[in-house]
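Listed below, chain by chain, are the residues.
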Number of protein chains: 2
Amino acid sequence: MRKIPVLEVFGPTIQGEGMVIGQKTMFVRTAGCDYSCAWCDSAFTWDGSAKDDIRLMAATEVWDKLKEIGGDRFSHVTISGGNPALLPQIGDLLEILKANGIGSALETQGSRWQDWFYDINDLTISPKPPSSTMETDYDRLDLIVSRLKENGSNFSLKVVVFDEKDLEYAKGIHMRYEGVPFYIQTGNPEVSMEDTPRLVSNLLLDYERLIDVVCEQKELNDVRVLPQLHTLVWGNKRGV
Amino acid sequence: MRKIPVLEVFGPTIQGEGMVIGQKTMFVRTAGCDYSCAWCDSAFTWDGSAKDDIRLMAATEVWDKLKEIGGDRFSHVTISGGNPALLPQIGDLLEILKANGIGSALETQGSRWQDWFYDINDLTISPKPPSSTMETDYDRLDLIVSRLKENGSNFSLKVVVFDEKDLEYAKGIHMRYEGVPFYIQTGNPEVSMEDTPRLVSNLLLDYERLIDVVCEQKELNDVRVLPQLHTLVWGNKRGV
Ligand code: SF4
Ligand code: SF4
């Protein structure tokens, strides 16, 4: 069994964003990403700053840790990163979760395919807009979306929007993959700000502006516009 | 065609709560409620204070109004109240929406059944906890839930929680209707407060506390805990 590079296991808490927003869940955060988004709010998973915290764990050890921390107070686990889709061995963990009746959610940017995508209950594909400075590989994304559609998977697309160009990008994604549930999310431009009340008031203003522009666009009708709830509640604190 | 007592038509904006939180949508608010919850945030729909604003509209007139205001910038309509389940004539409006490819959402407290419940895309049944001072008619609620289950409807249960007793009530509802998607929501105890920044900071603290207590309860694992986004963004302002 190949080991999983794990940075954090915590919870239960709530999922702060996307298709299962508000869901009570445990979190497993894996290390490593093939991207380096300009505004990454989890840069410690790939920039080396937390490399001493990475633990190589077998899927069974991750499950033991989840039970140790969460006890009987959870029935859902979210796997986040970094990009967990870099790790074929996540499949082992998903098998254990399924066998124990635990639901699963995962988010990835859509740069890699894994067969275990089929075993995720709530899968979010979140391609990165221009402000990230990353380039979307549309061939790869087309392949991922078509496989998930064919399989009848419960999945959604989510784009974080910081500016006009990002909104155009979001529009393009929504129109390219018609019929796939689509989420537009405000980003957090101040991932180091420690003044939480000020951060919250800025983020709520950004959210209001994003609602306004989305509501003006006839190409963005059947969409959901959401903030990141965890940032509104806990600011930039980690592990909550 | 029986006319619908309408208090507000507005949008597009976003749905601030529940199973379609964040959804871009138009709103139609009907007048009248068979309850009088202590903390009702829409008391103007039933306490007489806005009775001069009520317009009796045929379903076709509501549709014309929606198009006049929303143009081509919407594909989803939320019908709210008051309790729209008092009105059999909502069925006429739902038919028009369906014929025009418009999705629909509706929330009701579960005190009345209407056959048009089957025509709602996203139906929220929100029984009221003890702090409302209302009494739940469990026979009625059982009937509604079992009919919706049998029909395979896309529906959820939602309970607003203000205090310990409400949380116990929520637990009871969740356990009674196992398997039905379940939402727990913070209430707004200050529906008249005009100081929005203060309201927001209070509501986020309430939300954090609610997350904490839900996370401690093993009877409340497969649940979603959500705030009211519209109140965080717009405070107690109406018609947004
Ligand atoms: S894909 Fe996600 S984890 Fe990776 S750099 Fe971008 S925001 Fe960070
Ligand atoms: S059921 Fe809803 S509209 Fe009616 S009084 Fe209660 S909160 Fe207000």
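Keep in mind the model is a prediction, meaning the values are calculated, not measured. (Residues numbered from 1 in each chain as written. Chains lettered and ligands numbered in written order. Predicted model: local features only at pLDDT ≥ 70, side-chain atom pairs only at ≥ 80, totals over all residues. Heavy atoms only, no water.)

1. A short note on the overall build of chain A
Part 1: Assigned secondary structure in chain A consists of six helices and nine strands.
Part 2: Computed over the C-alpha atoms, the radius of gyration of chain A is 17 Å, within 12% of the 18 Å expected from 2.2 N^0.38 for a compact globule of 240 residues.
Part 3: Taken along its principal axes, the extent of the C-alpha atoms in chain A is 50 × 45 × 30 Å.
Part 4: Of the roughly 10,000 Å² of accessible surface on chain A, 45% is carried by carbon and sulfur atoms. (Helix = DSSP H or I, 4+ residues; strand = E, 2+ residues; numbered from the N terminus. Rg over C-alpha atoms; globule rule 2.2 N^0.38 Å. Areas by Shrake-Rupley, 256 points an atom, 1.4 Å probe, with all protein chains shown as cover.)

2. Quick look at the interface of chain A and chain B
Part 1: Taken residue by residue, the interface counts 35 residues in chain A and 35 residues in chain B.
Part 2: Buried surface at the junction of chain A and chain B, summed over both partners, amounts to about 3,000 Å²; 58% is from carbon and sulfur atoms.
Part 3: For the pair chain A and chain B, the number of links is zero salt bridges.
Part 4: Taken together, chain A and chain B are joined by 24 residue pairs in polar contact (both at pLDDT 80 or more).
Part 5: Considering each element in turn, the side of chain A that touches chain B owes the most residues, eight residues, to helix H5 (residues 196-216) of chain A. (Contact = heavy atoms within 4.5 Å. Buried area = accessible area lost by both parts, 1.4 Å probe. Salt bridge = Lys/Arg side-chain N within 4 Å of Asp/Glu carboxyl O. Polar contact = N/O pair within 3.5 Å; in protein donor to acceptor, adjacent residues only side chain to side chain.)

3. A few points about the site of ligand 1
Part 1: Around ligand 1, the structure places Cys33(A), Tyr35(A), Ser36(A), Cys37(A), Cys40(A), Trp46(A), Gly82(A), Gln109(A) and Lys128(A).
Part 2: Each residue belonging to the shell around ligand 1 can be placed in one class, and the counts come to five nonpolar, three polar and one charged. (Near = heavy atom within 4 Å. Nonpolar A, V, L, I, M, F, W, Y, C, P; charged D, E, K, R; others polar.)

4. Details of the UniProt feature "binding site: [4Fe-4S] cluster" (unreviewed entry) in chain A
Residue and element names in this part refer to chain A.
Part 1: Under the UniProt annotation, "binding site: [4Fe-4S] cluster" (unreviewed entry) lies at Cys33, Cys37 and Cys40.
Part 2: Position of Cys37 relative to the elements: it lies in the loop between strand S2 (24-30) and strand S3 (55-57).
Part 3: According to the relative accessible area criterion, Cys37 is buried, its value standing at 10%.
Part 4: Structurally, Cys40 can be placed in the loop between S2 and S3.
Part 5: Cys40 sits in the buried class, given a relative accessible area of 18%.
Part 6: Leaving out residues up to four positions away in the same chain, Cys40 has contacts with Trp46 and Val191. (UniProt positions renumbered as here; feature names shortened; annotations may be inferred. Buried < 20%, exposed > 50% of the residue type's maximum accessible area, 1.4 Å probe, protein only.)

5. Side note on the site of ligand 2
Part 1: In the region of ligand 2, the neighbouring residues are Cys33(B), Tyr35(B), Ser36(B), Cys37(B), Cys40(B), Trp46(B), Gly82(B), Gln109(B) and Lys128(B).
Part 2: Of the residues that constitute the shell around ligand 2, the class distribution is five nonpolar, three polar and one charged.

6. Quick look at the sheet that holds strand S4 (residues 76-80) of chain A
Part 1: Spatially, S3-S1-S2-S4-S5-S6-S7-S8-S9 (chain A) is the arrangement adopted by the nine strands of the open sheet, whose pairing is mixed. Each having just a single partner strand, S3 and strand S9 (224-226) of chain A make up the two edges of the open sheet. Across the sheet, the mean angle from the axis of one strand to that of its neighbour is 30 degrees, orientation sign disregarded.
Part 2: Relative to S3(A), strand S1 (residues 4-14) of chain A runs antiparallel, the two sharing three bridges. The residue bridging Val6(A) from the neighbouring strand is Arg55(A), located in S3(A).
Part 3: On the sheet, helix H5 (residues 196-216) of chain B packs against S1 and S2 of chain A and is oriented at approximately 105 degrees with respect to S1(A). (Pairing = 2+ DSSP bridges. Axes fitted to C-alpha atoms, helices over the stretch in contact; angles between N-to-C directions.)

7. Quick look at the relation of the copies chain A and chain B
Applying a rotation about an axis and a shift along it to one chain copy brings it onto the other copy.
Part 1: Structural alignment of chain A on chain B gives an RMSD of 0.0 Å, achieved by rotating through 180 degrees and translating 0.0 Å along the axis. Such values leave the two copies arranged in the relation of a two-fold axis. Nearest to the rotation axis, the C-alpha of Ile21(A) is located 4.3 Å from it, this being the minimum over chain A.
Part 2: Of the residues that chain A buries at the interface, 100% are likewise interface residues in chain B, meaning the two copies contact each other through the same surface. (Least-squares fit on C-alpha atoms with pLDDT ≥ 70 in both.)

8. Here we look at the confidence of the model for chain A
Part 1: Summarising the model, chain A shows a mean pLDDT of 96, and 100% of its residues fall at 70 or more.
Part 2: Both scores are available for the predicted complex, with the pTM at 0.96 and the ipTM at 0.96. (pLDDT = per-residue confidence, 0-100.)

9. Structural notes on the environment of Val240(B)
Residue and element names in this part refer to chain B.
Part 1: Residue position: Val240 is located in the segment after helix H6 (229-234).
Part 2: Residue Val240 is classed as partly exposed on the basis of its relative accessible area, which comes to 29%.
Part 3: Expressed as a C-alpha distance, the spacing of Val240 and Gly103, which sit 137 residues apart in the sequence, is 19 Å.
Part 4: Apart from the residues within four sequence positions on either side, Val240 is in contact with Phe10, Thr13 and Trp234.

10. Let's talk about the sheet that holds strand S3 (residues 55-57) of chain B
Residues and elements named next belong to chain B.
Part 1: Taken together, nine strands build an open sheet; the order of strands is S3-S1-S2-S4-S5-S6-S7-S8-S9 and the sheet is mixed. The sheet is open, and its two borders are formed by S3 and strand S9 (224-226), each paired with just one other strand. Taking each pair of neighbouring strands and ignoring which way they run, the sheet shows an average axis angle of 30 degrees.
Part 2: In the packing of helix H4 (residues 164-176) onto the sheet, contacts are made with strand S7 (155-161) and strand S8 (182-186), and the angle to S7 comes to roughly 165 degrees.

11. Considering the pattern of salt bridges
Part 1: Following the criterion strictly, the structure yields 26 salt bridges over all chains and no others.
Part 2: Linking Glu61(B) and Lys3(B) is a salt bridge whose minimum nitrogen-to-oxygen distance equals 3.9 Å. Placement of Glu61(B) in helix H1 (residues 59-70) and of Lys3(B) in the segment before strand S1 (4-14) is noted, with a sequence separation of 58 residues between them.
Part 3: Judged by its relative accessible area of 34%, Glu61(B) falls in the partly exposed class.
Part 4: Taking the relative accessible area as the measure of exposure, Lys3(B) reaches 42% and is therefore partly exposed.
Part 5: Between Lys65(B) and Glu68(B) there is a salt bridge, and its shortest N-O distance comes to 3.8 Å. Placement of the pair is Lys65(B) and Glu68(B) together in helix H1, with a separation of three residues, close to one helical turn.
Part 6: A relative accessible area of 60% places Glu68(B) in the exposed class.
Part 7: Within this structure, Glu17(A), Glu107(A), Lys128(A) and Lys158(A) form a network of salt bridges that share partners.

12. Looking at the nonpolar core
Part 1: Among the nonpolar cores identified, the biggest contains 136 residues, and Leu66(A), Val77(A), Phe182(A), Leu66(B), Val77(B) and Phe182(B) are the most heavily contacted of them.
Part 2: Leu66(B) has contacts with Val9(B), Met26(B), Val28(B), Gly71(B), Phe74(B), Val77(B) and Leu97(B), leaving out every residue within four places of it along the chain.
Part 3: Core analysis: the next-biggest nonpolar cluster, separate from the first, contains seven residues, Tyr35(A), Cys37(A), Ala43(A) and Val160(A) among them. (Core = buried A, V, L, I, M, F, W, Y, C linked by side-chain atoms within 4.5 Å.)

13. Digging into the pairing of S1(B)
Residues and elements named next belong to chain B.
Part 1: The element S1 is extensively covered by neighbouring structure, given that ten of its eleven residues are classed as buried.
Part 2: Relative to strand S2 (residues 24-30), S1 is paired through six bridges, and the arrangement is antiparallel. Considered in S2, the bridge of Val6 is made with Thr30.

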